[in-house]
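# Overview (structure and organization)
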Amino acid sequence: MDSSATTPTTVQAPQGRVLFITLGCAKNEVDTDRMRSLLERAGFEETDEADDADVALINTCSFLASATSESIETTLELAQEATDAQTLKLPIIMCGCVPSRYGADLPDQLPEVAAFVRAEDEDSIVSTVCKILDKPQPKTANVLDASALRTVEGTSAYVKISEGCDRYCAFCAIPYIRGHYHSRPEGEIVGEVKSLLEGGVREIVLIGQDTGIWGSDFDDPKKTLAWLVRQVAEVVRPYHGWVRVLYLQPEGITDELISTIRDTPEVLPYIDIPIQHCCATVLHRMGRKGSAEEFKRLFARVRREIPGMVLRTTALTGFPGETDEEGEEMLDFLQEEEFDYTSVFPYSREEGTKAYDMPNQVPEEVKQERAQRLIDLAEQMGFSATASHIGETADVIIDGIEQTDKGPELIGHTWFQAPDSDGAVHIESGEATVGDIVKVKLTDSFAYEMVGELI
Ligand code: SF4
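About the criteria used
- Residues numbered from 1 in each chain as written.
- Predicted model: local features only at pLDDT ≥ 70, side-chain atom pairs only at ≥ 80, totals over all residues.
- Heavy atoms only, no water.
- Pairing = 2+ DSSP bridges.
- Helix = DSSP H or I, 4+ residues; strand = E, 2+ residues; numbered from the N terminus.
- Axes fitted to C-alpha atoms, helices over the stretch in contact; angles between N-to-C directions.
- Patch = residues over 30% accessible without salt bridge, like charges linked within 9 Å, V, L, I, M, F, W, Y side chains within 5 Å.
- Areas by Shrake-Rupley, 256 points an atom, 1.4 Å probe, with all protein chains shown as cover.
- Salt bridge = Lys/Arg side-chain N within 4 Å of Asp/Glu carboxyl O.
- Lys, Arg positive; Asp, Glu negative; His and termini not counted.
- Charge placed at Lys NZ, Arg CZ, Asp CG, Glu CD.
- Buried < 20%, exposed > 50% of the residue type's maximum accessible area, 1.4 Å probe, protein only.
- Contact = heavy atoms within 4.5 Å.
- Domains from an automatic or database assignment.
- Buried area = accessible area lost by both parts, 1.4 Å probe.
- Polar contact = N/O pair within 3.5 Å; in protein donor to acceptor, adjacent residues only side chain to side chain.
- Expected span 1.5 Å × (residues − 1).
- Arc of directions from axis to C-beta.
- Parallel < 35°, antiparallel > 145°, perpendicular 65-115°, else oblique.
- Left-handed = near helix turned anticlockwise from the far one by under 90°.
- Nonpolar A, V, L, I, M, F, W, Y, C, P; charged D, E, K, R; others polar.
- Phe/Tyr/Trp six-rings, centres within 6.5 Å; stacked < 30°, edge-to-face > 60°.

## What about the sheet that holds strand β17 (residues 437–446)?
If you walk around this closed barrel you meet the five strands as β14-β15-β16-β18-β17, and the pairing is mixed. On average, adjacent strands in this sheet sit at an angle of 45 degrees to one another, irrespective of strand direction.

## Side note on a negative patch on the surface
Side chains of D48, E49, D51, E70, E73, E77, E81, D84 and E153 sit close together on the surface and give a patch of like negative charge. Within the secondary structure layout, D84 lies in helix α2 (residues 65–84). Residue classification places D84 among the exposed residues on the basis of a relative accessible area of 54%.

## Topic: the sheet that holds strand β10 (residues 242–245)
Spatial strand order, β6-β9-β10-β11-β12-β13: six strands in an open sheet with parallel pairing. The outermost strands of the open sheet, each flanked by one partner alone, are β6 (156–160) and β13 (341–346). On average, each strand axis in the sheet is tilted by 20 degrees relative to the strand beside it, whichever way the strands run. This element, helix α1 (residues 26–41), spans β6 and β9 (203–207) of the sheet and lies at about 90 degrees to β6.

## What to know about the domain arrangement of the chain
By convention, interface size is frequently given as the accessible area that disappears when the constituent parts associate. Taken as a whole, the chain is organised into domain 1 (16–142), domain 2 (147–387) and domain 3 (393–454). Placing the centre of domain 2 and that of domain 3 at their C-alpha centroids yields a distance of 25 Å. Between domain 2 and domain 3, the contact holds 23 residues from the first and 24 residues from the second. Between domain 2 and domain 3, roughly 1800 Å² of surface is buried when both sides are summed, and carbon and sulfur atoms account for 62% of that area. The largest share of the area that domain 2 buries against domain 3 comes from W242, Y341 and T386, three residues that together contribute 31% of it. Remark: the boundary between domain 2 and domain 3 carries one salt bridge. On the surface where domain 2 and domain 3 come into contact, there are ten residue pairs in polar contact (both at pLDDT 80 or more).

## Comments concerning the pairing of strand β4 (residues 92–96)
Here β4 lies mainly inside the structure; five of its five residues are buried. The pairing of β4 with strand β5 (residues 115–118) spans four bridges and is classified as parallel. Residue pairing across strands places I93 opposite A115, the latter belonging to β5.

## A few points about helix α12 (residues 324–337)
Its 14 residues give α12 an end-to-end C-alpha distance of 20 Å, which sits within 8% of 20 Å, the value for a rise of 1.5 Å per residue. Those residues of α12 that fall on the buried side of the exposure criterion are E326, G327, M330, L331, F333, L334 and E337. Buried residues of α12 fall within an arc of 160 degrees about the axis and therefore sit on the same side. Residues D324, E325 and E336 are exposed on α12 and point more than 90 degrees away from its buried face. Buried residues along α12 sit in contact with α10 (280–286), α11 (292–305), β12 (310–317), β13 and α13 (364–387). At the exit of α12 stands E338, carrying a positive phi of roughly 45 degrees.

## Some words on the packing of α11 against α12
Running from N to C, α11 and α12 point in directions that differ by 15 degrees, and their axes come no closer than 11 Å. Classed by the angle they form, the pair α11 and α12 counts as roughly parallel. Handedness of the crossing formed by α11 with α12: right-handed. Counting all contacts with α11, which are made through A292, F295, K296, F299 and R303, the residues of α12 involved are F333, E336 and E337. A per-class count over the contact of α11 with α12 returns four nonpolar, no polar and four charged.

## Section: the pattern of salt bridges
Inspection of every chain in the model, using the stated rule, returns 33 salt bridges. Among the ionic pairs, K223 bridges to E186, the shortest N-O distance being 2.8 Å. Residue K223 is found in the loop between β9 and α8 (225–236), and its partner E186 is found in helix α7 (residues 186–198); the two are separated by 37 residues along the sequence. Owing to a relative accessible area of 18%, K223 belongs among the buried residues under this scheme. A salt bridge links E336 to K296; the nearest nitrogen and oxygen atoms lie 3.3 Å apart. With a gap of 40 residues between them, E336 in helix α12 and K296 in helix α11 connect regions that are remote in the sequence. Using a relative accessible area of 25% as the deciding quantity, one classes K296 as partly exposed. Residues joined by salt bridges that share partners form a network here, namely D31, K160, E163 and R178.

## Description of the side chain of D272
Mapped onto the secondary structure, D272 falls in strand β11 (residues 267–272). Of the side chains bearing the opposite charge, R312 lies closest to the buried D272, which forms no salt bridge; the N-O distance is 5.0 Å. A polar atom in the side chain of D272 sits 3.0 Å from the backbone nitrogen of Y247. Residues within four places of D272 in sequence aside, it is in contact with V245, L246, Y247, L248, R312 and T313.

## With respect to the packing of aromatic side chains
Taken as a whole, this structure holds twelve aromatic pairs when the rule is applied. Ring centres of F299 and F339 lie 5.1 Å apart, and the angle between their planes is 90 degrees; on these two criteria the pair is classed as edge-to-face. Taken together, the residues span a long stretch of sequence, with F299 in helix α11 and F339 in the loop between α12 and β13 at a distance of 40 residues. For the pair F299 and F339, a shared accessibility class is recorded, and that class is buried. Ring geometry for Y341 against Y448: centres 5.9 Å apart, planes inclined by 35 degrees, an arrangement best described as tilted.

Pasting the structure below:
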């Protein structure tokens, strides 16, 4: 556990050791960081070993049926591991999306789990852990806002600017798991950003289910995402860091946001717009807005205003009723738009969503075949977009040092590579420290990775 400059002065005597396991997306990483900070403040320590732990906390994902299965398998494997090793029984706390989605049914189905904590109740984690371990609850356990003391290891940190979603896309379980959309107040966000920068973070990645509508639930028209991004950029400026915004629905790309990205040096010219599909008919059935023509106009506007803008998107194929022609249209659309990065998902039938009972479900093998063609195209576009940067000189954040056959190698990422999602820059010689931002001449690429030399 990082005991950076943000460690509070009220730390209690060690109360016990906690094993954290996080599954799923970046938003879950943020939630785990938050619980880790609350537990650290209450005097608990982190351990990486089940044998050494007094309690295990598994932060689960339930976005897709496969993610739910993985969450349950991980829980059962850990319970079995503790039993096999004949260690003292390791209490397991299951947190996050699985308890939020299946709460009432879980205690009977998973007797191996000592407690279930829904995503919305995670600020009560200290009470839950103290109760299970029969420890007195420290006075600091009631601190509800962990944002100002959040710590992470590493050079980039995700910061959640909102929770929940009100769009109810027909294929998606998120609104049922994470509840209604609400924006986090800017004071909380800025406090968390400051805390992370003081702890050594160099890149702030703003995330949420739907970042573009941040502020729409406040009674103040000036509070838009673009306004928030400018506030965050001001905090980041003295640290010479970067700001990146992910998960923007197409309607969230306003003129104000485009000019903020263009005119604010700390904000990276990188946009992630998950369109899911390009056909108006499919989008309509999905409960989403847009059409190929509207999206083409949007991307042309973005590229005209910010030349060289890097675009990432998400494509969902095999949605109920998708015809071969609509599958082909999606392929043609992606090819024409030449996205830098594209994530592809075959439709997954999720219980409780509107699409679950829709007619004309697409057979599994057809979904997989359409998805594979999109993946092949996405790789071809992504590899060539990466190679197009050969010869450029770019700022690179040094994220770590790896041992290779040729010796130690510096690993970092640059403005067109979102941490965890895209590739990295490999620098074979030279010296730098983790967290440095260095100038690198990009000399070669392989797949999504780049090779460079320190200047
Ligand atoms: S915008 Fe749609 S796909 Fe995204 S989280 Fe909300 S409901 Fe799910």
